[in-house]
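Chain residues, written in single-letter form:
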Amino acid sequence: MAKATAQHADVKDMTFERALKELEAIVSRLERGDVELEESISIYERGETLKAHCDQLLKRAEAKVEKLTFNSDGTPRGTEKLDKNG
């Protein structure tokens, strides 16, 4: 996988939206089944790199999300870490 990541170094600078759009296009091409074997392997590896990048960006964004807290009178009190369960 390290070799595939090095080959797809441009992915690290992609926005989430751009990476996801390219990943969806790769999945679509692979599902159609009209891609030669070698190209299938190559675009699958790129897809893995794109998926990992999207996962990393989502985790980073999730870490930044905070929940606003309010006093009983409705005035903002501050923030706290967002609980995934609530």
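Refer to the structure presented above.
Heads up: these notes are all about the structure in this document.

Rules behind the numbers
Residues numbered from 1 in each chain as written. Predicted model: local features only at pLDDT ≥ 70, side-chain atom pairs only at ≥ 80, totals over all residues. Heavy atoms only, no water. Salt bridge = Lys/Arg side-chain N within 4 Å of Asp/Glu carboxyl O. Helix = DSSP H or I, 4+ residues; strand = E, 2+ residues; numbered from the N terminus. Expected span 1.5 Å × (residues − 1). Buried < 20%, exposed > 50% of the residue type's maximum accessible area, 1.4 Å probe, protein only.

In this section: the pattern of salt bridges. Per the counting criterion, the structure on display carries six salt bridges. Here Glu22 makes a salt bridge to Arg46, at a shortest N to O gap of 2.3 Å. Within this pair, whereas Glu22 is found in helix H2 (residues 16-32), its partner Arg46 is found in helix H3 (residues 37-64), the two being separated by 24 residues in sequence. Taken together, the shared-partner salt bridges in this structure form one network comprising Asp10, Glu22 and Arg46.

All right, on to H3 then. The terminal C-alpha atoms of H3, which comprises 28 residues, lie 41 Å apart, in line with the 40 Å expected from a rise of 1.5 Å per residue. Listed as buried for H3 are Ser40, Ile43, Arg46, Gly47, Thr49, Leu50, His53, Cys54 and Leu57.

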